[in-house]
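# Examination of the molecular architecture
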Protein chains: 2
Amino acid sequence: MAVVTILGAGAMGSALTTPALRAGHEARLWGTWLDDDILADLRAGRPHPRIDVPIDPRTRLFDSTDLGAALDRTDLVILAISSDGVVDVLGRAVPHLRPGLPLLVTTKGFGYDGEGKVQLLPPLLEAVLPDQLRAGCPIVAIGGPCKANEVAAGRPTATVFASPDLVVADQTADLLSTPVYRVTTTDDIDGVEASAAMKNVYAIALGVADGLEELGGEPWHNLRAATFAQAVAELQRVTVALGGRAETAVALAGAGDLEVTGLSGRNKVYGARIGKGERAPAALAAMVAANQTVEGVAAARFAGDLRTQRAIAGLPLLQAIIEILDGGDELATRIAEAVLPAKR
Amino acid sequence: MAVVTILGAGAMGSALTTPALRAGHEARLWGTWLDDDILADLRAGRPHPRIDVPIDPRTRLFDSTDLGAALDRTDLVILAISSDGVVDVLGRAVPHLRPGLPLLVTTKGFGYDGEGKVQLLPPLLEAVLPDQLRAGCPIVAIGGPCKANEVAAGRPTATVFASPDLVVADQTADLLSTPVYRVTTTDDIDGVEASAAMKNVYAIALGVADGLEELGGEPWHNLRAATFAQAVAELQRVTVALGGRAETAVALAGAGDLEVTGLSGRNKVYGARIGKGERAPAALAAMVAANQTVEGVAAARFAGDLRTQRAIAGLPLLQAIIEILDGGDELATRIAEAVLPAKR
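Here goes a summary of the coordinates provided. Just so you know, these numbers come straight off a predicted model, no measurement behind them.

## Focus on helix α14 (residues 280–289) of chain A
Residues and elements named next belong to chain A. Taken together, the buried positions of α14 are occupied by A280, A283 and M287. The buried residues of α14 occupy one face: seen down the axis, they fall within an arc of 65 degrees. Opposite the buried face of α14, at more than 90 degrees from it, the exposed residues are V288 and A289. Buried residues in α14 make contact with α13 (266–275) and α16 (316–325). N291 occupies a position one or two residues after α14 and carries a positive phi of about 65 degrees.

Below, the structure written as structure tokens:
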């Protein structure tokens, strides 16, 4: 029995208490200063307010002020913080970390480094660690199609843990695997991170096709499927440009996660609102006002800069999405021109 | 202006009159002896009974007895016959063909050759052609995510035309392309055919996940997405075993067509019925009684034999689907064991 400390009591962090407990460990769930309402619900025995699934009462809950206690003598840290907060939270955790403690990261996205270059999250997280922890606390990225509500409820889920050091990836996978939360491993952390970050962007476009269908009452399945195929091609290109392997973008963390993200979740819902006729900026404002982060929007902005900085060619669907996020209309035409074969 | 003759007045054959006419050609639609009711509806100005979309009245309709007239001085033949009838219909057409006439084939599936070996359709079709036509009437396969109702209605569609001779593929693509029916080309006809045939099989498994969701009122999206990723991996393996390229199985004719086939269509509907609790043989009998062919069922049987004959390893999802088609229960467990990473 090990101690697993999950930082972040949002949907995914809370969901991971299920495999942690079923694998026989002590599960600690630490909430940020934004998670007080969530912890209050869980302490009162109510379901998690974001996913409407009960969290096992054996979970030990820690308030934001109790970070040190949450990390005391833990064996595994899981960072499950939104992309705009994860670097900050890791910085606060540093005094309580010790070498030999792996850092499992569910957060997906990009950030800017000190020189204004777009980077995946692992190097930005490593930059926060002091030297002796940087080698001692290896970062392991979690990818694959995992909706938090289903992980929490114990429904079958395939994940991939990625670390340049496969031994570390395997050890953490052994710790958290259960009969229904199954983990494979890879050393292609760049591929997993690039695919996972970009799939949120492309899920917006899949949502737009769904919204067009709702709007007109007629399916746009051919366009949606062509969008899916183009998205996988672009996932591969971004992955390779960031040092990952093209096949990673076709497997669980790429095509698999794109599939589930296109079925439900905020990025798809946001796209569907746009497809139904709302302009993107207005739809985003409404979702932000309802406290719903749409990770794909920030990721699209970063990806636009990334494309320029690294001169990544062949991303017309990304371009179409950025134009739509900027308020562009003629959605079906714009997406079709990006995803259909060129005119003859 | 060319003459395009479409053999088969089912959903896809009739739908292709839309791009043929919009590209400026004469469109002829020949119905088999099973299509009399369809032609009667079209002649009466009613929508096509299978897809509930009107067919342009400029389409020239030919009864099954008028095959020679339908093929007289035509410039392009499109075979849009179900997989169990296409070899027979091509045999009947042979006396009316002439060298220089490309044969565009929408039919997907497998068949047995004279030695009982499972083959893709193009070699089986070529075997029907006399020598002078075999070289003169090159077969071009159509792949990609194309629901017939959307092609008929003129909604944006991405397709791929495949022929070992890229010049022929390009020429036929030039003939049929329109601003909304866009065609790319490839010389990987084996890859397009293998992917297109197998995606019908895997769509059944995607449907099962949808059915489980309907049955219990809870999503099984994680399982569905893991199934999708495993299906793409198996599409690649079958494609390569049949001489195609792995990347073809990730593009329009593979992952793209799997996406659209998993959204709607009979294979997915059949899987959903099973997921909701019907045993597979009973569900199939009901669909056959309703005149609904489920192409993935026959394809799964052929694929099982193909796997044995060519010793294709790594197809656990195909195996699970075959077991389910045989009446196997414990669907979620059976599929999960096939698509989740191995237990640790």
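## As for the relation of the copies chain B and chain A
For the pair chain B and chain A, the best superposition has an RMSD of 0.0 Å and corresponds to a rotation of 180 degrees with a translation of 0.0 Å parallel to the axis. Each copy turns onto its partner about a two-fold axis. Within chain B, the C-alpha atom positioned nearest to the axis of rotation is that of V250(B), 3.7 Å from it. With an isologous cut-off of 70% or more, the 100% of interface residues of chain B that recur at the interface of chain A puts this contact in the isologous class.

## Focus on the environment of H96(A)
Residue and element names in this part refer to chain A. Mapped onto the fold, H96 is located in the loop between α5 (86–93) and β5 (103–105). Between the C-alpha atom of H96 and that of L71, which follows or precedes it by 25 residues, the distance is 6.3 Å. In contact with H96, not counting residues within four places along its chain, are L67, G68 and L71.

## Some details on unusual backbone geometry
Phi is mostly negative for residues that are not glycine, and the peptide bonds are mostly trans. Residue and element names in this part refer to chain B. Positive phi values are uncommon outside glycine, yet R73 reaches one of about 55 degrees. Here R73 is to be found in the loop between α4 (67–71) and β4 (76–79). Even without a glycine there, the phi angle at E330 is positive, about 50 degrees.

## Notes on the interface of chain B and chain A
Listed per partner, the contact involves 50 residues of chain B and 50 residues of chain A. Summing both partners gives a buried area of about 4000 Å² for chain B against chain A, and 60% of it is carried by carbon and sulfur. The three residues of chain B that bury the most area against chain A are R182(B), N222(B) and R344(B), which together make up 21% of that side's buried surface. In this structure, E259(A) and R224(B) form a salt bridge, with 2.4 Å as the shortest nitrogen-oxygen distance. Inspection of the chain B/chain A interface yields 22 residue pairs in polar contact (both at pLDDT 80 or more).

## Here's the deal with the pairing of strand β8 (residues 139–143) of chain B
Both faces of the sheet carry side chains from a regular strand, because those side chains alternate between them. All names here are of chain B. Judged by how many residues are buried, β8 sits mostly within the fold: 5 of 5 residues are covered. Of the two faces of β8, the one holding I139, A141 and G143 and the one holding V140 and I142 are both buried throughout. In terms of strand pairing, strand β5 (residues 103–105) meets β8 through 3 bridges, oriented parallel. Looking across to β8, one finds that L104 is bridged to V140. Two strands pair when backbone bridges link them, and β8 and strand β9 (residues 157–162) are joined in this way by 3 bridges, in the antiparallel orientation. What sits directly across from A141, in β9, is A162.

## Focus on the sheet that holds β5(B)
All names here are of chain B. Here we have 8 strands laid out as an open sheet, ordered β3-β2-β1-β4-β5-β8-β9-β10, and mixed in their pairing. The sheet is open, and its two edges are formed by β3 (60–62) and β10 (181–186), each paired on a single side. Strand-to-strand, the axes of this sheet are offset by a mean angle of 25 degrees, without reference to chain direction. Across the face of the sheet, helix α10 (residues 189–216) comes into contact with β8, β9 and β10 while running at roughly 45 degrees to β8. Sheet contacts for helix α12 (residues 252–263): β8, β9 and β10; angle to β9, the most-contacted strand, approximately 145 degrees.

## A look at the packing of helix α10 (residues 189–216) of chain A against α13(A)
All names here are of chain A. Interaxial distance between α10 and α13 falls to 6 Å at its minimum, and their mutual angle equals 40 degrees. With respect to each other, α10 and α13 are oriented oblique. Note that α10 runs across α13; the crossing there is right-handed. The residues of α13 that touch α10, namely those facing N200, A203, I204, G207, V208, D210, G211, L212 and L215, are N267, K268, Y270, G271, A272, I274 and G275. Residue composition of the contact of α10 with α13, grouped by class: 8 nonpolar, 6 polar and 2 charged.

## Here's the deal with the packing of α16(A) against helix α17 (residues 331–339) of chain A
All names here are of chain A. Relative orientation of the contacting elements α16 and α17 amounts to 160 degrees, with a least axis distance of 8 Å. One finds that α16 runs roughly antiparallel with respect to α17. The interaxial crossing formed by α16 with α17 has right-handed handedness. Facing P316, L317, A320, E323 and I324 of α16, the residues of α17 in contact are L331, R334, I335, A338 and V339. Considering only residue class, the contact of α16 with α17 consists of 8 nonpolar, no polar and 2 charged.

## So, α10(B)
Residue and element names in this part refer to chain B. Taking 1.5 Å per residue, 28 residues should reach 40 Å; α10 reaches 41 Å between its end C-alpha atoms and fits that length. Of all the bends in α10, the greatest measures close to 30 degrees and is centred on K199. Of all 28 residues in α10, 23 are buried, a share of seventy percent or more. Just downstream of α10 lies G217, where phi reads positive at about 75 degrees.

Thresholds, definitions, all that
- Residues numbered from 1 in each chain as written.
- Chains lettered and ligands numbered in written order.
- Predicted model: local features only at pLDDT ≥ 70, side-chain atom pairs only at ≥ 80, totals over all residues.
- Heavy atoms only, no water.
- Buried < 20%, exposed > 50% of the residue type's maximum accessible area, 1.4 Å probe, protein only.
- Helix = DSSP H or I, 4+ residues; strand = E, 2+ residues; numbered from the N terminus.
- Arc of directions from axis to C-beta.
- Contact = heavy atoms within 4.5 Å.
- Least-squares fit on C-alpha atoms with pLDDT ≥ 70 in both.
- Buried area = accessible area lost by both parts, 1.4 Å probe.
- Salt bridge = Lys/Arg side-chain N within 4 Å of Asp/Glu carboxyl O.
- Polar contact = N/O pair within 3.5 Å; in protein donor to acceptor, adjacent residues only side chain to side chain.
- Pairing = 2+ DSSP bridges.
- Axes fitted to C-alpha atoms, helices over the stretch in contact; angles between N-to-C directions.
- Parallel < 35°, antiparallel > 145°, perpendicular 65-115°, else oblique.
- Left-handed = near helix turned anticlockwise from the far one by under 90°.
- Nonpolar A, V, L, I, M, F, W, Y, C, P; charged D, E, K, R; others polar.
- Expected span 1.5 Å × (residues − 1).
- Bend = angle between axes of the 7 residues up to and from the residue.

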